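Results of the structural survey
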Amino acid sequence: MNSQKTGQGTATQQDVGYLASIFSDGLILIDREWRITYANAAAREISRIDDSHINGATHWEMYPATVGTEQERIYRRSMEERISLDHEFYYAPFEVWITLRTYPVPSGIAVHYRDSTRMKEAERNRDDNARRLQQVFDTTTDAIIVLDPDYRITFMNRRAVELLSPIGEVMGRVLFEAFPGIVYQDSPYIANYRRAMEDRIHGRFEAYYPEPLNVWFSVEARPADHTGIIVFFRDITQQRLDAEELWLKTAETERQAAEIETLYRTAPIGLALFDTTDFRYLRLNDRQAQFFGLKPEEVVGRIVTEMAPIEGLRELFEQVRDGHPVINYPLEGELVGSPGEHRYWTVNYFPLYGTDGSVQAIAAASLEVTAQKKAEMALIQSEKLAAVGRLASSISHEINNPLESVTNLLYLIASREDLSLPTREYVDIAQAELERVSQITTQTLRFHRQAARSTWVSAEQLLKPVINLFRGRLTNSDIELEAQFNSQTEALCLENEIRQVLSNLIANAIDAMRAGGRLLIRSHDAFHPVTGVKGIRITIADTGHGMDPATQARIFEPFFTTKDLNGTGLGLWISAEILERHQGQLAVRSSQHPLHHGTVFGLFLPITPARTDSSED
Ligand code: ADP
Ligand code: MG
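Residues numbered from 1 in each chain as written. Chains lettered and ligands numbered in written order. Predicted model: local features only at pLDDT ≥ 70, side-chain atom pairs only at ≥ 80, totals over all residues. Heavy atoms only, no water.

**So, the domain arrangement of the protein**
What counts here: Residue ranges for the domains originate in an automatic or database domain assignment.
Here the protein is partitioned into domain 1 (13–120), domain 2 (140–235), domain 3 (267–368) and domain 4 (374–606). Between the C-alpha centres of domain 1 and domain 3 the distance comes to 109 Å.

**Re the packing of helix α18 (residues 495–511) against helix α20 (residues 571–581)**
Helices that pack against each other are described as a pair by the angle of their axes relative to one another and the distance between those axes. Stated precisely, the cut-off is as follows: Each axis is a line fitted through C-alpha atoms, taken for helices only over the stretch in contact, and angles between the N-to-C directions span 0 to 180 degrees. Strands here are runs of E lasting at least two residues and helices are runs of H or I lasting at least four, both read from the DSSP assignment and numbered beginning at the N terminus. By the definition used in this description, the sense in which the near helix is turned from the far one sets the handedness, with an anticlockwise turn below a right angle giving left-handed and a clockwise turn giving right-handed. Throughout, a residue-residue contact means that at least one pair of heavy atoms, one from each residue, lies within 4.5 Å. Residue polarity follows a fixed list, in which Ala, Val, Leu, Ile, Met, Phe, Trp, Tyr, Cys and Pro are nonpolar, Asp, Glu, Lys and Arg are charged, and the others, Gly among them, are polar.
The geometry of α18 relative to α20 is characterised by a closest axis approach of 9 Å and an angle of 145° between their N-to-C directions. Judged by the sense of rotation from one axis to the other, the crossing of α18 with α20 is left-handed. Contacts between α18 and α20 involve E497, I498, Q500, V501, N504, L505 and N508 on the former and, on the latter, G571, L572, I574, S575, I578, L579 and R581. Taken together, the residues that form the contact of α18 with α20 break down as 7 nonpolar, 5 polar and 2 charged.

**Some points on the packing of helix α17 (residues 459–476) against α18**
Following both chains from N to C, one finds α17 and α18 inclined at 35°, their axes separated by 9 Å at the closest point. Regarding α17 and α18, the two cross each other, and that crossing is right-handed. Between α17 and α18, the residues in contact are Q461, L462, L463, P465, V466, I467, F470, R473 and L474 and E495, I498, R499, L502, S503, I506, A507, I510 and D511, respectively. For the contact of α17 with α18, the per-class residue count stands at 12 nonpolar, 2 polar and 4 charged.

**Focus on the nonpolar core**
Definition in use: Grouping buried Ala, Val, Leu, Ile, Met, Phe, Trp, Tyr and Cys residues that are joined through side-chain atoms within 4.5 Å yields what is termed a nonpolar core. Each residue is placed in one exposure class: buried if its accessible area under a 1.4 Å probe, protein chains only, is under 20% of its type's maximum, exposed if it is over 50%, and partly exposed if it falls in between.
If you look at the biggest cluster of nonpolar residues, it comprises 38 residues, and the most contacted ones within it are L502, I506, L519, L603 and L605. Going through the elements one at a time, α17, β18 (490–493), α18, β19 (517–527), β20 (534–542), α20 and β22 (598–606) are the ones with two or more residues in this core. Take this core: its biggest share by element is 8 residues, from α18. L605 has contacts with L462, A491, C493, I498, G535, I536, L579 and H582, leaving out every residue within four places of it along the chain.

**Side note on the sheet that holds β22**
Our working definition: Strands were regarded as paired on the criterion that DSSP finds at least two bridges between them.
If you trace the 5 strands from one edge of the open sheet to the other, you get β17-β19-β20-β22-β21, paired in mixed fashion. Looking at the sheet topology across the chains shown, the edges are occupied by β17 (479–485) and β21 (585–591). Ignoring strand direction, the axes of neighbouring strands in this sheet form an average angle of 15°.

See the structure below:
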């Protein structure tokens, strides 16, 4: 200040005084006797100085609490050694923090100081906050570390210390050196830390830390403080195990569900679910839909009695809705999809209960038993036929003996010379008729004698007796017969069974030619069209009305007949079955063309069926 006063003469004492008065820091001058010789406005306020104190009491008298303190020592050193010194202290009487610097001046020392109480408080608050933050960090379940721009670890919370303890002391070390386990090709750690540090991009990832931790971490790397990064991480090993277990369990449940679904869809039983108000299809499987020739989705929503107009069905459903299951109930009737076709089922209907105990839906399982039912009925029918056959056989056997004596007697009569001409003619006619009767009885006998073993026979031997049997009907129906035997090859077969087939075919041909026509019967040597086995083929062709394709498709079904009460519908079914047993074949071609209508049945018989066990007993 002296230099300013004596220097260039531009700043006056007044200027300096003015400056010092608006100066917010305190400024005092102390002389060598420790009297305060000057105090600016700020100093007067901070140190409670007024005019009476200037050049009055000594500093030590004014502020006795400072005597013997560091402050006194600083002042005295500054005064004696002529040096500038800094000091900070708390002045208890005024409850203030003071930060000061001393300057040696010609008259003594100057003290420049300020009230640093606020700053001090702020500092303390900052420390408190840091402490609190540390507490928060230590209690959070996330592990936290802070990396400086050189990837040096500058902070770890308690959880981080715990988690990483198997690695050893890592605080203050460079990350990649402290954690060698994360340094490998394609390491998500490296990539994410670098992105956070260098590109300042926040990253989150999961990664495994191998030996010595063997832990899965979920990691979050956040850029912080403009330069470093904060890494939050937590051990998710158990979570991952749980998730994996859950996944496996879910997969297993899904697999089971798929299995059940497949079973449901492909079961050979019709399965369906119905509502309880209208009995509409809610759900059904493929088999159930097949009953109607539809797809499941085409049936959903339709009413059961519309699809199956079967008597008593609705009542049955009402009974189930009222809580009474129906078990193994036989149902029969026609479905909308296939009118005219009588079908049979065994059904089970169950009520499905909701949690409130009320019936929520009806579950149905239907097994179609039409084929079994028909086979059963066919069996009964063929049993009947066999019984009739046995009866006919025993009757013809009984007739044979008297027939033989009548034949002999007629022969004796015919050999007499004294017969009149008309008598001889009567005897001739009687003999011819008798011949026919005995032929019928022997045929019937041979027909129904249960053949236990196969025999070698030619087509001709097979056909002749059958044709003879039908001669009467052929003439009555105005049918012209043409028989041609082009082969004498013999085949090993159950001849009566084959005769039954031939007789069925000829009978059908005659039935188809009510208004007369031609019956062509031929035999050839032939080979099985598929297996190439050698055999004989017999064709029976008629010029009858023929069949439409729909009829042709069903002629081998049991009980399929177009002849109402005159037919049994069993002939072809039995014939096909007999040929199958002989490893033969029965094929058909038919036409309803107005100009060349008619039907050809081709029968193939192998010379020796591969399996002849039934014939060797
Ligand atoms: P059925 O003679 O008792 O009707 P079949 O099994 O012998 O039983 O024949 C089944 C059906 O096949 C017959 O009702 C008829 O419609 C048809 N059919 C069989 N052979 C002929 C044929 N030669 N010409 C026309 N239709 C035939
Ligand atoms: Mg028939």
